[in-house]
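The lines below spell out each chain.
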Amino acid sequence: MNQPEPPADRRAAEREPTLSVLLVEADQLAAERLFEVLGAAPAQRFEITHVQRIEEGLQKLHAARFDVLLLDLAIEESVGLESLHRARVAADTLPIVMLTYQGDADLALRATRAGAHDVLIKGESTPALIARSLVHAVERYRMMAELREAKQRHWFLANHDPLTALKNRTALLESARTALARAQRHGEQLAVFFLDLDGFKPVNDNLGHATGDELLIDVAKRLQRIRPKRDVVARFGGDEFVVVAMGVTDREAAIRLAEALRDEIERPYHVGGAECFISASVGVALFPEDGTDADELIRRADTAMYAAKDSGRNAVRSFENAMDEETHERFELVNGLREAIRAGDLVLEFQPQIDVVQERIVGAETLVRWQHVTRGLVAPNEFIGLAEDTGMMVGLGEWILRSACIIASGWTSLPDIRVAVNISGRQLEQRDFPSRVRGILDESGLAPGRLELELTESVAAQDSAMRALAELHEAGIRVAIDDFGTGYSSLALLKQLPADLLKIDQSFVHDAVSRNSGAVILDAIVRMARGLDLEVVAEGVETLEEMDLLLGLGCHQLQGYLLGKPTPKSDFESAVTAPDATWRLPIERPEAWSPLSREELLAKPSEPEILGDDALPVLK
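Residues numbered from 1 in each chain as written. Predicted model: local features only at pLDDT ≥ 70, side-chain atom pairs only at ≥ 80, totals over all residues. Heavy atoms only, no water.

Caption draft 1: Seen up close, helix H16 (residues 433-444). In this model, H16 (12 residues) spans 17 Å end to end at C-alpha, consistent with the 16 Å of a helix rising 1.5 Å per residue. Taken as a whole, H16 has its buried residues at Phe433, Pro434, Val437, Ile440, Leu441 and Ser444. Projected down its long axis, H16 carries its buried residues within an arc of 120°, all on one side. In the segment just after H16, Gly445 is the residue with positive phi, at about 80°. (Helix = DSSP H or I, 4+ residues; strand = E, 2+ residues; numbered from the N terminus. Expected span 1.5 Å × (residues − 1). Buried < 20%, exposed > 50% of the residue type's maximum accessible area, 1.4 Å probe, protein only. Arc of directions from axis to C-beta.)

Here's what the structure looks like:
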């Protein structure tokens with residue numbers, strides 16, 4: 001048999017959560033009447049705890065949790081609004097509804113201003129009114145609490161880095177200005193340290209952004225731990241941090257402190273289930289010697305940090321006035337480079353790669369130059385780094401690649417030679433890089449096998465590069481490892497890479513003719529390449545002795561000033577195919593070349609010209 005439905009008001013009350021009320025009422029009869037009134041209230045259940053004195057009420061507030069406080073304004077031991085003030089102090093997180101016999105509007109206003117959420121007149125308030133007042137007081141209080149929490153959250157996000165919880169750039173400037181004012185008042189010095197993490201990007205690339213974030217959080221904790229609370233520690237952006245240290249006595253003390261910060265960051269990290277190692281380049285600026293306002297000091301510490309990076313990273317540099325001139329020059333170069341890319345003031349040159357034994361051109365390396373208005377022809381080592389640092393490399397690299405492919409496709413007398421183009425890590429990070437390369441080949445009409453992408457070992461080792469290179473190699477595009485031996489050389493890496501060719505760095509070539517150890521290293525590289533079925537090109541060949549030695553070691557593909565200088569695109573084809581081209585050297589070549597044995601290399605005198613005719617081919 002079905003049970004009858006309870007009344008609608010009872011069903012509503014059962015759905016509503018019970019409100020816990022602390023009633024401070026000196027009159028026992030009045031309290032009992034309130035029990036009856038609230039017990040009969042529709043649509044809401046109340047759990048009431050009654051005490052007669054304010055002292056008892058304060059003890060209850062400390063011992064238990066309540067939703068609302070119902071307080072008699074005229075309890076015996078209180079005078080006027082004193083009980084409200086005391087309750088407000090003890091129950092800062094609780095809404096308060098006052099009870100009074102006085103229908104005094106002025107008293108009600110003063111009570112509201114003192115913190116009461118509502119004032120009820122005894123004898124005039126119906127059960128529904130009392131219940132509604134208590135419920136509304138709780139709801140209003142909760143809404144105000146949520147609003148306060150939202151404002152606090154908004155303020156925090158506006159002034160703090162959401163990842164590390166350090167001050168952000170905005171809060172840093174405000175805090176630094178406050179610290180400067182304090183230092184000025186007390187006649188103290190102050191130091192600003194600008195830190196940039198060295199080696200953070202490989203962690204992000206190889207272990208993932210989640211691990212990178214974990215590493216940044218750990219760095220933030222270390223900086224906070226090593227510095228007192230009065231100092232300012234902020235995340236400036238990316239992997240850059242700023243510390244403002246108070247009470248620094250002199251520049252030497254500031255440098256020692258910067259070294260301590262660097263050493264702390266250099267300790268190993270355990271993140272993402274792996275052990276990581278990074279370092280920091282630190283720039284130092286001192287108040288008031290290096291600047292008197294926050295912006296200037298931070299900027300000059302940043303300038304010093306770049307000087308630390310340029311000096312080899314993992315270093316500390318203190319600001320010097322000469323650095324400002326370098327920074328200004330760098331700023332002008334950056335702006336000029338942007339304009340040069342836009343206006344087409346960059347020019348391409350090509351340097352031939354020659355197979356000396358077969359007497360033929362096998363390739364051409366693409367070299368970019370900047371035709372500067374006042375400085376003339378600027379070499380790439382002066383602006384490629386700028387393009388990398390300022391985010392211009394992706395656009396610049398694509399322009400170079402497209403231009404080189406279009407030019408090479410027009411070499412009618414050199415239809416089979418490859419054109420080599422240097423590729424940066426920034427380009428390989430682009431997800432659509434392989435498709436962009438294929439699109440450029442389709443656009444230019446250059447066969448995939450004639451394009452050779454050159455990249456360094458450190459760039460090739462990145463996961464994103466591996467994937468892109470595999471896709472490009474599968475499409476028939478050649479891959480060359482540039483400056484081999486100067487980076488993180490690894491046989492395991494070479495076995496994994498879809499590479500076709502190794503380019504031996506010119507430093508090994510120059511060293512090999514003057515030292516036996518250099519010749520041994522050169523021989524080992526050539527033998528290793530052969531074992532891995534890779535072609536070899538030696539860069540920077542400038543003397544007959546260098547070419548002589550390389551040919552004797554079995555490296556026949558050479559590139560350098562001895563065989564041909566970089567030539568503008570308009571002259572390259574005619575220059576390298578001319579009968580009197582530089583690479584057509586008058587050399588007597590035996591039927592076959594035999595690389596020197598390891599024993600012959602070790603026995604070779606320090607002076608290369610002492611070698612006999614039977615050891616190396618001789619130039620006539």
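Caption draft 2: Spatial organisation of empty space enclosed by the protein. Counting across every chain of the model gives two cavities of 30 Å³ or more. What lines the second largest cavity is simply Val394, Glu398, Gln427, Gln430, Phe433 and Arg436. When contributions to the lining of the second largest cavity are tallied by element, the ones reaching two or more residues are helix H14 (393-409) and H16. Tallied by class, the residues present in the lining of the second largest cavity amount to two nonpolar, two polar and two charged. (1 Å grid on protein atoms, 1.4 Å probe; cavity = no way out; pocket = protein on both sides within 12 Å on 5 of 7 lines; lining within 4 Å. Points joined across faces, edges and corners; volume = space filled by probe spheres on them. Nonpolar A, V, L, I, M, F, W, Y, C, P; charged D, E, K, R; others polar.)

Caption draft 3: Region of the structure containing the nonpolar core. Membership of the largest hydrophobic core comes to 83 residues, with the highest contact counts inside it found for Phe350, Trp411, Leu428, Leu451 and Leu558. Per element, the largest residue contribution to this core is eight residues, and it comes from H14. Membership of the second largest hydrophobic core comes to 32 residues, among which are Leu215, Val219, Ala253 and Ile278. (Core = buried A, V, L, I, M, F, W, Y, C linked by side-chain atoms within 4.5 Å.)

Caption draft 4: Expanded view of the packing of aromatic side chains. Under the counting rule described, the total for this entry stands at five aromatic pairs. When the ring of Phe194 is compared with that of Phe236, the centres are 5.1 Å apart and the planes differ by 65°; the resulting orientation is edge-to-face. Taken as a pair, Phe194 in strand S6 (residues 190-198) and Phe236 in strand S7 (residues 232-237) lie far apart in primary sequence, 42 residues in all. Relative accessible area serves as the criterion here: at 1%, Phe194 is assigned to the buried category. Among the residues examined, Phe236 registers a relative accessible area of 17% and is labelled buried. Ring plane angle 40° and centroid distance 4.9 Å describe the contact between Trp411 and Phe572, whose orientation is recorded as tilted. You can see Trp411 sitting in the loop between H14 and strand S16 (418-422) and its partner Phe572 sitting in helix H23 (residues 569-577), a full 161 residues away along the chain. (Phe/Tyr/Trp six-rings, centres within 6.5 Å; stacked < 30°, edge-to-face > 60°.)

Caption draft 5: Molecular detail of the packing of helix H9 (residues 209-226) against helix H10 (residues 251-266). Look at H9 against H10: their axes get within 10 Å of each other, and the N-to-C directions meet at 140°. As judged from the angle between their axes, H9 and H10 are oblique. Of the two possible hands of crossing, H9 and H10 adopt the one that is right-handed. On H10, the residues touching Val219, Arg222, Leu223, Arg225 and Ile226 of H9 are Ala260, Leu261, Glu264 and Ile265. (Axes fitted to C-alpha atoms, helices over the stretch in contact; angles between N-to-C directions. Parallel < 35°, antiparallel > 145°, perpendicular 65-115°, else oblique. Left-handed = near helix turned anticlockwise from the far one by under 90°. Contact = heavy atoms within 4.5 Å.)

Caption draft 6: Up close: the pattern of salt bridges. All told, the structure shown has 30 salt bridges when counted by the stated rule. Notably, a salt bridge pairs Lys309 with Asp198, separated by 2.6 Å at the nearest N-O pair. Of this pair, Lys309 sits in helix H11 (residues 294-310) while Asp198 sits in strand S6, placing them 111 residues apart in sequence. Here the two residues Lys309 and Asp198 agree in accessibility, since each one is buried. (Salt bridge = Lys/Arg side-chain N within 4 Å of Asp/Glu carboxyl O.)

Caption draft 7: How the structure looks around the environment of Leu472. You can see Leu472 is positioned in helix H18 (residues 463-474). On the basis of relative accessible area, Leu472 is assigned to the buried category, the value being 0%. A C-alpha to C-alpha distance of 9.4 Å links Leu472 and Leu453, two positions 19 residues apart in sequence. Beyond its immediate sequence surroundings of up to four residues, Leu472 is in contact with Phe433, Pro434, Val437, Leu453 and Ile477.

Caption draft 8: Layout of a nonpolar patch on the surface. A surface patch of nonpolar side chains, amounting to about 330 Å² of accessible area, comprises Trp155, Phe156 and Leu157. By the element assignment, Phe156 lies in helix H6 (residues 127-159). A relative accessible area of 33% places Phe156 in the partly exposed class. (Patch = residues over 30% accessible without salt bridge, like charges linked within 9 Å, V, L, I, M, F, W, Y side chains within 5 Å. Areas by Shrake-Rupley, 256 points an atom, 1.4 Å probe, with all protein chains shown as cover.)

Caption draft 9: Geometry of unusual backbone geometry. Each neighbour pair has its own omega, and for Phe287 with Pro288 the value is 5°, a cis peptide bond. Assignment of secondary structure puts Pro288 in the loop between strand S11 (279-287) and H11. In this structure, Ala165 takes a positive phi of about 65° despite not being glycine. Mapped onto the elements, Ala165 comes out in the loop between H6 and helix H7 (169-186).

The quantities given are spatial measurements derived from coordinates; they are silent on function.
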